[in-house]
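Understanding the architecture of this molecule
Given next are the chains, with one letter for each unit.
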Amino acid sequence: MPPGKTERHPGVGVAILAKAPLAGFAKTRLIPHLGAEGAAGLQRWLLQRTVRTALSAGIGPVTLWCAPDTTHHDFAMCRAFGPLALHRQPDGDLGYRMLAAIAETTTPAGTLVIGTDCPALTPDLLRLAANTLAGHDAVVVPAEDGGYVLIGMRQAASRVFDTVDWSTGHVMAQTRARLAEMDWRWQEFAPLWDVDRGEDLERLNAYFPASLDKASA
């Protein structure tokens, strides 16, 4: 399938939740391994890769939800990659922020929400997730650590994000329980890895050596 084309279901938005690559603010769990500046450099690489991936998928409008606000120059630089709307992330826990991103996206066929921690996400996978929403209420790509790297929903539903133990290995199991309680039809894809801990850096370097070059620059 040519880049930028969907198989059968256009009009699915992609909402990216991202932290600005500020030293001491981004990728804090990696600071003991990379230093504050190195962790910020890695976040810059992850941010740019994620935005390029979302735009390349060509499934619908891409929105970058920025923390702490939209003014950081790296967010503005990402707009050079293609059509990209910037919004400030609201205050609240991760579930509230994801719910807000879905609720404010106007695409008729639903919204995919992703972060910037999973360099293994590809345009093809985003297209597949978007197409899946044609016949399901939700789609999820689990993370190997027990969370998830993508959730897509045809409509916003706060119950999916209620009383979830964010940043723990219980997130995916609790999300399954919420979806089942709502009697939603959902599909899961194979788990992917993300970059959150020191032990993730070895695999990151094996697959994407340029990422750590950016971190040390």
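The coordinates are above.
Below is a short write-up of the structure.

Notes on the pattern of salt bridges
Where charged atoms from two side chains of opposite charge come close, those side chains can pair. By the definition in use, this model includes 11 salt bridges. Across the pair arginine 44 and aspartate 74 runs a salt bridge, and its minimum N-O distance is 3.0 Å. In this pair, arginine 44 is assigned in helix 1 (residues 31-57) and aspartate 74 in helix 2 (residues 73-78), connecting sequence segments 30 residues apart. Between aspartate 200 and arginine 197 there is a salt bridge whose closest N-O contact spans 3.4 Å. Its relative accessible area of 5% is what places aspartate 200 among the buried residues. Counted as one network, the salt bridges with shared partners bring together Lys27, Arg29, Asp117 and Asp196.

Some details on the sheet that holds strand 6 (residues 148-153)
With mixed pairing, seven strands are arranged side by side in an open sheet as 3-2-1-4-6-5-7. The open sheet has two edge strands, strand 3 (85-88) and strand 7 (186-188), and neither has a second partner. Neighbouring strand axes in the sheet, compared pairwise and without regard to direction, differ in orientation by 20 degrees on average. By the bridge criterion, six bridges tie strand 1 (residues 13-19) to strand 2 (residues 62-67) in an arrangement that is parallel.

Points about the packing of helix 1 against helix 4 (residues 123-132)
The contact between helix 1 and helix 4 brings their axes to 8 Å, and the two run at 55 degrees. It follows from the interaxial angle that helix 1 and helix 4 lie oblique. The two elements helix 1 and helix 4 cross, and the hand of that crossing is right-handed. The segment helix 1 lies against helix 4, with Thr53, Ala54, Ser56 and Ala57 engaging Pro123, Leu126 and Arg127. Along the lines of polarity and charge, the residues of the contact of helix 1 with helix 4 split into four nonpolar, two polar and one charged.

Description of the side chain of glutamine 89
Note on placement: glutamine 89 falls in the loop between strand 3 and helix 3 (94-103). In contact with glutamine 89, other than residues within four places in its own chain, are Leu17, Ala18, Trp65, Cys66, Ala67 and Arg97.

Thoughts on the nonpolar core
Judged by nonpolar contacts, the single largest core of 35 residues is most densely connected at Ile16, Val51, Leu64, Phe75, Leu112, Leu121 and Leu150. Per-element accounting of this core gives the leading share, five residues, to helix 1. Of all hydrophobic cores here, the second largest spans 22 residues; its members include Trp65, Leu99, Ala101 and Phe161.

Structural notes on the packing of aromatic side chains
For the structure on display, the rule yields five aromatic pairs. Considering the side-chain rings of phenylalanine 161 and tryptophan 166, the 6.4 Å spacing of their centres and the 35 degrees angle between planes classify their relative orientation as tilted. Through a chain of ring-to-ring contacts, three or more aromatic side chains come together here, namely Trp45, Trp193, Tyr207 and Phe208. For the cation-ring pair, lysine 19 lies above phenylalanine 25, with the distance from its terminal atom to the ring centre recorded as 5.0 Å. Here the guanidinium or amino end of arginine 52 rests over the ring plane of phenylalanine 81, the centre of that ring lying 3.7 Å away.

The rules behind these values
Residues numbered from 1 in each chain as written. Predicted model: local features only at pLDDT ≥ 70, side-chain atom pairs only at ≥ 80, totals over all residues. Heavy atoms only, no water. Salt bridge = Lys/Arg side-chain N within 4 Å of Asp/Glu carboxyl O. Helix = DSSP H or I, 4+ residues; strand = E, 2+ residues; numbered from the N terminus. Buried < 20%, exposed > 50% of the residue type's maximum accessible area, 1.4 Å probe, protein only. Pairing = 2+ DSSP bridges. Axes fitted to C-alpha atoms, helices over the stretch in contact; angles between N-to-C directions. Parallel < 35°, antiparallel > 145°, perpendicular 65-115°, else oblique. Left-handed = near helix turned anticlockwise from the far one by under 90°. Contact = heavy atoms within 4.5 Å. Nonpolar A, V, L, I, M, F, W, Y, C, P; charged D, E, K, R; others polar. Core = buried A, V, L, I, M, F, W, Y, C linked by side-chain atoms within 4.5 Å. Phe/Tyr/Trp six-rings, centres within 6.5 Å; stacked < 30°, edge-to-face > 60°. Lys NZ or Arg CZ within 6 Å of the ring centre and 35° of its normal.

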